[in-house]
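# Report on the structure
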Amino acid sequence: MKDRAGLILWLAAVVGLTLVHDPAWLAVAALLWFLLAGREAPRLAGRALLAVLVFNATVSVGYAALALIRGEFSWLYLIRTNLRVWLITACTFLMAKKVNLFAALSFAPGLMMVLLLAHTQIRVFTRLLEDFRLGLRSRSLRRPTPRVLYGHGAATGSFFLSKAVHDAGEIGLAMQARGLFRDRSR
């Protein structure tokens, strides 16, 4: 029950944060998040910041360029948008840390099946990423240069994309063969 309440609280926080437009209230929400996160707050806050850094930087630079050209630049908008994205991400990291999704979704067998499929795919890709990382390290006599790291990252990403597309097709066919997509109303 605690896990289900945590999931509902997270959903309410995400919806609520999208409805709040005053940076002062977003700052209060950030303070509440820090209180809820407790000792994990610095680590989770850093992870959330790292996760949204590229997205927020891209959106902020794009907005600033367009707004300056039009003469409509607003620091308030920039602060509100960046803080909101960070807060939603931080809440998600906190929920992932504190809530057992399998226990929270135990009431819905269909959702449990989707969660199980997602969880197994995450585990497979995590193991493969670690294998790629160890493979690069074992084949390098010295620390790889940035060019080698970029090439390795591109090859790894290409492999993952190809594998994801292939696996999605195979899983879809397997689920269809077992009657998942059949119209049960007839």
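Above: the structure in question.
The shown structure was predicted, so the numbers you read here are calculated from the model rather than taken from an experiment. Here, residues in each chain are numbered from 1, in the same order as that chain's written sequence. The model is predicted, so local features are restricted to residues of pLDDT at least 70 and side-chain atom pairs to those at 80 or more, both for listing and for counting; the totals for chains, interfaces and linings are taken over all residues. Side-chain metrics in this entry use all non-hydrogen atoms of the structure; hydrogen atoms and water are not considered.

Turning our eyes to something else, we now look at the overall build of the protein. By the criteria applied, helices consist of DSSP H or I runs no shorter than four residues and strands consist of E runs no shorter than two, each listed in order from the N terminus. A count of helical and extended segments in the protein gives 7 helices and 0 strands. Counted from the first residue to the last, the protein has its helices and strands arranged as α-α-α-α-α-α-α. In this treatment the radius of gyration is a C-alpha quantity, and the globule benchmark scales as 2.2 Å times the residue count to the 0.38 power. Computed over the C-alpha atoms, the radius of gyration of the protein is 21 Å, more than 25% above the 16 Å expected from 2.2 N^0.38 for a compact globule of 186 residues. In terms of overall dimensions, the protein has C-alpha extents of about 55 × 55 × 40 Å along its principal axes. Looking at the protein as a whole, 24% of its 186 residues are labelled buried. Contacts were defined at the residue level, with two residues in contact if any of their heavy atoms lie within 4.5 Å. When contacts within the protein are restricted to residue pairs at least 6 apart in sequence, those whose partners lie at least 24 apart make up 72%. Throughout, the Shrake-Rupley method with a 1.4 Å probe supplies accessible areas, and for residues the shown protein chains are the sole cover considered. Entry remark: accessible area of the protein is about 13400 Å², with carbon and sulfur atoms responsible for 70%. In this tally, Lys and Arg are treated as positive and Asp and Glu as negative; His is ignored, and so are the chain termini. A charge is said to be at NZ when it belongs to Lys, at CZ for Arg, at CG for Asp and at CD for Glu. Side-chain charges of the protein comprise 23 positive and 9 negative groups, with the mean position of each set lying 6 Å from the other. Type-normalised accessible area, obtained with a 1.4 Å probe on protein chains alone, sets the label of each residue: buried when under 20%, exposed when over 50%, and partly exposed for intermediate values.

Here we take up the pattern of salt bridges. Throughout this description, the term salt bridge denotes a Lys or Arg side-chain nitrogen within 4 Å of a carboxyl oxygen of Asp or Glu. Overall, the coordinates contain 5 salt bridges when judged by the stated rule. Taking the shortest distance from any N to any O, the salt bridge between E40 and R43 comes out at 2.9 Å. Classification of R43 as partly exposed rests on a relative accessible area of 40%.

Structurally, S140 is set in the loop between α6 (109-138) and α7 (146-177). With a relative accessible area of 23%, S140 lands in the partly exposed category. With 23 residues separating them along the chain, S140 and L117 place their C-alpha atoms 35 Å apart. Whenever a nitrogen or oxygen atom comes within 3.5 Å of another N or O atom, the pair is scored as a polar contact, on the condition that within protein one atom can donate a hydrogen and the other can accept it, and that pairs from neighbouring residues in sequence are kept only if both atoms are in side chains. At 2.7 Å, the side chain of S140 forms a polar contact with the backbone oxygen of L136.

In this structure, L17, W33, A37, W86, L87, A90 and L94 are the most contacted members of the largest nonpolar core, which totals 15 residues. Beyond its immediate stretch of four places on either side in the chain, L94 contacts W33, L36, A37 and L44. Take the buried Ala, Val, Leu, Ile, Met, Phe, Trp, Tyr and Cys residues and link them wherever side-chain atoms come within 4.5 Å; each set so joined is a nonpolar core. Core analysis: the next-biggest nonpolar cluster, separate from the first, contains 6 residues, M95, V99, A104 and L105 among them.

To count toward a patch, a residue needs a relative accessible area over 30% and no salt bridge; like charges are then connected within 9 Å, while nonpolar side chains (Val, Leu, Ile, Met, Phe, Trp, Tyr) are connected within 5 Å. Judged by side-chain polarity, W25, V28, L31, L32 and L35 come together as a nonpolar surface patch covering roughly 570 Å² of accessible area. Within the element layout of this structure, L35 appears in helix α2 (residues 23-37). L35 sits in the exposed class, given a relative accessible area of 63%.

Once that is clear, we can look at helix α4 (residues 75-98). For a helix, the expected span equals 1.5 Å multiplied by the residue count minus one. A rise of 1.5 Å per residue sets the reference length of α4, with its 24 residues, at 34 Å; its end C-alpha atoms lie 34 Å apart and thus fit the reference within 8%. All of the buried residues along α4 are L78, R80, T81, R84, W86, L87, T89, A90, C91, L94 and M95.

A word on the packing of α2 against α4. For helices, the axis comes from a line fit to the C-alpha atoms of the stretch in contact; other axes are also lines fit to C-alpha atoms, and the angle between any two N-to-C directions lies between 0 and 180 degrees. At a minimum axis separation of 10 Å, α2 and α4 run at an interaxial angle of 20 degrees. If you check the angle between α2 and α4, you find them roughly parallel. Between α2 and α4 lies a crossing of left-handed hand. Residues P23, L26, A27, A29, A30, W33, F34, L36 and A37 of α2 lie in contact with α4, whose contacting residues are L76, I79, R80, L83, R84, W86, L87, A90, C91, L94 and K98. Throughout, the ten residues Ala, Val, Leu, Ile, Met, Phe, Trp, Tyr, Cys and Pro are labelled nonpolar, Asp, Glu, Lys and Arg are labelled charged, and all others, Gly among them, are labelled polar. Class assignment of the residues belonging to the contact of α2 with α4 gives a composition of 17 nonpolar, no polar and 3 charged. In these notes the angle categories are as follows: under 35 degrees is roughly parallel, over 145 is roughly antiparallel, 65 to 115 is roughly perpendicular, and the rest is oblique. Working rule for handedness: look at the near helix, and if it is turned counterclockwise from the far one by less than a right angle, call the crossing left-handed; if clockwise, right-handed.

The subject of this paragraph is the environment of N82. Along the chain, the position of N82 falls in helix α4. Through-space distance from the C-alpha of N82 to that of F55 is 9.4 Å; in sequence the pair is 27 residues apart. Among all residues touching N82, those that are not within four sequence positions of it are N56 and S60. A distance of 2.8 Å separates a polar atom in the side chain of N82 from the backbone oxygen of L78.

Note on aromatic pairs: the rings of Phe, Tyr and Trp (six-membered ring only in Trp) are paired at centre separations within 6.5 Å, and the planes decide the class, stacked below 30 degrees, edge-to-face beyond 60, tilted for the rest. Tallied over the full model, the rule gives 10 aromatic pairs. Ring geometry for F159 versus F160: centroids 6.0 Å apart, planes at 50 degrees, classification tilted. Judged by its relative accessible area of 36%, F159 falls in the partly exposed class. One aromatic cluster is present, formed by Y63, F73, W75 and Y77 through successive ring pairs.

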